[in-house]
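# Architecture and fold: a report
For reference, the chains in residue letters:
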Amino acid sequence: MNAIQIRTMARDFILNEFLPGERPENLTDSTELITDGILDSLATLKLVAYLEKSCGIEIAPDELVPENLNSIAQIANFVQSKQAST
Amino acid sequence: MTVAALHEYLEQSARRYPQTCAAVEASSGRQITYGELDALSDQVRDHLRRIGVRPADRVGICLPKSIASLAVLFGILKVGAAYVPVDSLAPPARNAFIFNDCGVRAIFVEASRAEALRCELARLAAEPSLLPLDWSDGPSPLAAYLAGVEAGGLAVEDESARPGPDNLAYVLYTSGSTGQPKGVMLTHRNGSSYVDWCSEVLAPDENDRFSSHAPFHFDLSILDIFVPLKHGATVFLIGEELGKNPARMASIIAERRLTVWYSTPSVLTLLVEHGSLDARDDHALRFILFAGEVFPVKHLRRLKAVVPRARYLNLYGPTETNVCTYYEIPQTIAEDRSAPFPIGRACSHVEARVIDANGRNVPRGQEGELAISGAPVMLGYWNMPERTSAAFHVDSSGRWYRTGDVVIEGDGGVYTFRGRRDRMVKRRGYRIELGEIETALYRHPAISEVAAIARSEESGVSIKVFYASRDGHALSLIELKRFCAHNLPAYMAPDWFSHQQLLPKTSTDKIDYQHLMRME
């Protein structure tokens, strides 16, 4: 999966699950997801479960930190690094 | 073993068990013995005295949960001052309001947050001493800070203060209906009467290992901090980040062989649903305690199946009294039960009554407001004499705190919770005044009207906000969430937003909440 595919997938999931009715263009690659309150802790866990399933990766408990998940760009980088290491 | 002042629990255990591990930072594994914690908090006491903190002063704590924040807390008590803990991740303006409201003399603050807090305090013309602890320097920021300020200090008395049992020990701020948090004033006796009740029920000893999940500004932490330290047991400090990570918490429960767990039901549900708690059968848990909200029976049943040997206690009480009733969940839960369990009987250190609006007793079996008197009941709200007197019913039988919770008394003095008589709700253990959410959103320049309501669903309480905007258009949901994240503590964030052209009104032109409750 390339970065653009991962970004699209993560964006669609976040819009559908947590931002019903939001205009897609308002959710940019750099929108702060955790520090701006778009994902709470439960939503973060749901997103992680989705990424694990659809990207075929396993995310360790220690990796559930804002540095890996705070924006769509960071999510794409993180997922790609996980895919490269497996 | 009753003490006059809460820090005596630590001092006594430090004499009996100097080499025993008192506290562990669960995420890093760093630990401290009783002897070391007592000595470190003595240093904090000496430093506070040198900068002019006196008995009966207030000192703020704006730190992540850690060995450092635990030592700071005891150092403050040892001066004879009261500690005022806040959520270090909450908006700095809110924390500055709290610290200014109760006039703290000094604040221990995480260095990276000091500047933002200083700016907000300056806007209120408040100038307490800020004592910054810097975690980027290493894992022992308190020792590093104290080493840096030690040189050239004045000689101070090296005995801890001996405050009386009715002196202020801590001030816990809770959500306020007028839009500003209010400070619940609690004394050493308020705390110690509860800690001693916990000893009676839990019968802990030095082999116990307690969780500390709740943040220090949350009243659940009183049990976590003082009960293990009274008995020479070990407390495992679970910080903000770890506390949201069910898989890591589940492995700590198993690997560290925790014996007493205390948290909100939401956290226990998270552990069962997302923590793979069921993959481990090596639990040492003797007690699972929960408080702060109703535990949906569906999730409680699953938890009991995973950890069958523990005893389960439902603890109930507002911050103003801490735990005042409790109920032990029976060994087996009937298959067809879906009604939540009662909040239970009055604890041995309080008296409870069910009263009507005029303070008269309500016959058993009828709804009324639960009122509590006795040793753990707060002094009052900080600097709010009118709110304080409105919170109490005083008659010949004493001074009764009106909990605002509507209950029914059943057989054997067992109380069942029925609802609230005002607009306070509890979600994930936190009490939230819906008015505080509304006040925050009214500050948004594009919003003209706001109403927040709470709904109880099987999965818990959710908060829905209806709003109207000045230009008649819906705001971006991202913008609304961002605004809340920067103006409210995270625990108050609404679950849903609904844009309306105008909010429905009653005949007297007030927002019609009944109508909103019926809207989807």
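Cut-off values and rules
Residues numbered from 1 in each chain as written. Chains lettered and ligands numbered in written order. Predicted model: local features only at pLDDT ≥ 70, side-chain atom pairs only at ≥ 80, totals over all residues. Heavy atoms only, no water. Contact = heavy atoms within 4.5 Å. Salt bridge = Lys/Arg side-chain N within 4 Å of Asp/Glu carboxyl O. Polar contact = N/O pair within 3.5 Å; in protein donor to acceptor, adjacent residues only side chain to side chain. Helix = DSSP H or I, 4+ residues; strand = E, 2+ residues; numbered from the N terminus. Nonpolar A, V, L, I, M, F, W, Y, C, P; charged D, E, K, R; others polar. Domains from an automatic or database assignment. Buried area = accessible area lost by both parts, 1.4 Å probe. Pairing = 2+ DSSP bridges. Axes fitted to C-alpha atoms, helices over the stretch in contact; angles between N-to-C directions. Buried < 20%, exposed > 50% of the residue type's maximum accessible area, 1.4 Å probe, protein only. 1 Å grid on protein atoms, 1.4 Å probe; cavity = no way out; pocket = protein on both sides within 12 Å on 5 of 7 lines; lining within 4 Å. Points joined across faces, edges and corners; volume = space filled by probe spheres on them. Right-handed = clockwise from strand over helix to strand, strands pointing away. Phe/Tyr/Trp six-rings, centres within 6.5 Å; stacked < 30°, edge-to-face > 60°. Core = buried A, V, L, I, M, F, W, Y, C linked by side-chain atoms within 4.5 Å. Parallel < 35°, antiparallel > 145°, perpendicular 65-115°, else oblique. Left-handed = near helix turned anticlockwise from the far one by under 90°.

### So, the interface of chain B and chain A
On the side of chain A, 20 residues touch chain B, which itself brings 17 residues to the contact. Seen at the junction of chain B and chain A, the total is two salt bridges. We note a salt bridge from D62 of chain A to R248 of chain B, for which the minimum N-O separation is 3.1 Å. Remark: the boundary between chain B and chain A carries seven residue pairs in polar contact (both at pLDDT 80 or more). The dominant element in the side of chain B that touches chain A, judged by the number of residues it contributes, is helix α14 (residues 477-487) of chain B, at six residues. In terms of residue class, the side of chain B that touches chain A is built from seven nonpolar, four polar and six charged.

### Section: the domain arrangement of chain B
All names here are of chain B. What the domain assignment lists for chain B is domain 1 (7-244), domain 2 (351-420) and domain 3 (427-518). On a C-alpha basis, the centroid separation for the pair domain 1 and domain 3 is 34 Å. Contacts between the two partners involve 14 residues from domain 1, matched on the other side by 15 residues from domain 3. A combined buried area of about 1,100 Å² lies between domain 1 and domain 3, and 51% of that area is made up of carbon and sulfur atoms. Connecting domain 1 to domain 3 are one salt bridge. The partner of E436 in a salt bridge is R94, and the shortest N-O contact between them spans 3.1 Å. The residue inventory of the side of domain 1 that touches domain 3, partitioned by class, reads five nonpolar, seven polar and two charged.

### Observations concerning the sheet that holds strand β25 (residues 460-469) of chain B
Residue and element names in this part refer to chain B. Taken together, three strands build an open sheet; the order of strands is β24-β25-β26 and the sheet is mixed. For this open sheet the edge positions go to β24 (447-457) and β26 (496-499), each flanked by a neighbour on one side alone. Neighbouring strand axes in the sheet, compared pairwise and without regard to direction, differ in orientation by 25° on average. Taken together, the ten bridges between β24 and β25 define a ladder with antiparallel strand orientation. Note that in β25 the partner of I447 across the bridge is S469.

### Quick look at the side chain of E320 of chain B
Residue and element names in this part refer to chain B. Of note, E320 is situated in the loop between β13 (311-316) and β14 (325-328). With relative accessibility at 0%, the residue E320 sits in the buried group. Only 2.6 Å separates the side chain of E320 from the side chain of Y381, close enough to count as a polar contact. Within the structure, E320 has its side chain in polar contact with the side chain of R431 (distance 2.8 Å). Not counting the four nearest positions on each side in its chain, E320 is found in contact with V184, L186, P376, V377, M378, Y381, Y401 and R431.

### A short note on empty space enclosed by the protein
Residues and elements named next belong to chain B. The final tally for this structure, using the stated rule, is four cavities of 30 Å³ or more. Considering only enclosed or pocket space, the largest cavity measures out at about 80 Å³ in volume. Lining the largest cavity, in full, are P85, V86, D87, R94, N95, I98, Y173, H217 and Y491. When residues in the lining of the largest cavity are grouped by element, the largest group, three residues, is from helix α4 (residues 92-101).

### Some details on unusual backbone geometry
All names here are of chain B. If you check the backbone angles, N322 has positive phi at about 50° while not being a glycine. With respect to the element layout, N322 can be found in the loop between β13 and β14. We classify N322 as buried; its relative accessible area is 7%. The phi torsion at N383 lies on the positive side, around 60°, for a residue other than glycine. Residue position: N383 is located in the loop between β18 (380-381) and α12 (385-391).

### A closer look at the pairing of strand β4 (residues 82-85) of chain B
Residues and elements named next belong to chain B. Where burial is concerned, the two faces of β4 agree: the one with A82 and V84 and the one with Y83 and P85 are both buried. In this sheet, β4 lies alongside strand β3 (residues 58-62) in parallel orientation, the contact comprising four bridges. Residue I61 lies in a different strand from β4, and its bridge partner there is P85. Regarding the hand of the β-α-β motif, the stretch spanning β3, helix α3 (residues 67-79) and β4 is right-handed.

### Re the packing of aromatic side chains
Applying the stated criterion across every chain yields a total of twelve aromatic pairs over all chains. Between Y83 of chain B and Y170 of chain B, the aromatic rings sit 5.4 Å apart at their centres with planes inclined by 25°, giving stacked as the arrangement. Remark: Y170 of chain B occurs in strand β7 (residues 168-174) and Y83 of chain B occurs in strand β4; sequence separation between them is 87 residues. Taken as a pair, Y83 of chain B and Y170 of chain B share a single burial class, namely buried. Taken together, a centroid distance of 4.9 Å and an interplanar angle of 90° make the contact between F290 of chain B and F295 of chain B edge-to-face. Residue classification places F290 of chain B among the buried positions, given a relative accessible area of 1%. Residue F295 of chain B is classed as buried on the basis of its relative accessible area of 4%. Aromatic ring contacts, followed pair by pair, group F13, F18 and Y50 of chain A into a single cluster.

### Topic: the environment of A96 of chain B
All names here are of chain B. Tracing the backbone through its elements, the reader meets A96 in helix α4. A96 gets classed as buried once you look at its relative accessible area, which sits at 0%. Setting aside residues up to four positions removed in sequence, A96 forms contacts with L117, E120, L121 and L124.

### Some thoughts on the nonpolar core
Among the nonpolar cores identified, the biggest contains 137 residues, and I14 of chain A together with Y83, F108, L142, F226 and L315 of chain B are the most heavily contacted of them. Per-element tally for this core: the top contributor is α3 of chain B, with ten residues. Aside from chain neighbours lying at most four places away, what touches L142 of chain B is L40, V44, A68, A71, V72, F108 and L133 of chain B. Membership of the second largest hydrophobic core comes to 31 residues, among which are C21, V24, F236 and I253 of chain B.

### Focus on the environment of W197 of chain B
Residue and element names in this part refer to chain B. With respect to the secondary-structure elements, W197 resides in helix α7 (residues 188-202). Classification of W197 as buried rests on a relative accessible area of 4%. Along the primary structure W197 and V323 are separated by 126 residues, whereas in three dimensions their C-alpha atoms are 9.5 Å apart. If near-sequence neighbours (up to four positions away) are discounted, W197 is found in contact with L315, V323, Y326, C347, S348 and H349.

### So, the packing of helix α10 (residues 265-274) of chain B against helix α11 (residues 297-306) of chain B
The geometry of a pair of packed helices is captured by two quantities: the angle between their axes and the separation between those axes. Residues and elements named next belong to chain B. Look at α10 against α11: their axes get within 10 Å of each other, and the N-to-C directions meet at 60°. Taken together, the axis directions place α10 and α11 in an arrangement best described as oblique. As α10 runs across α11, the sense of the crossing is left-handed. Two secondary-structure elements touch here, α10 through L268, T269, V272 and E273 and α11 through H299, R302 and L303. For the contact of α10 with α11, the class distribution of residues is three nonpolar, two polar and two charged.

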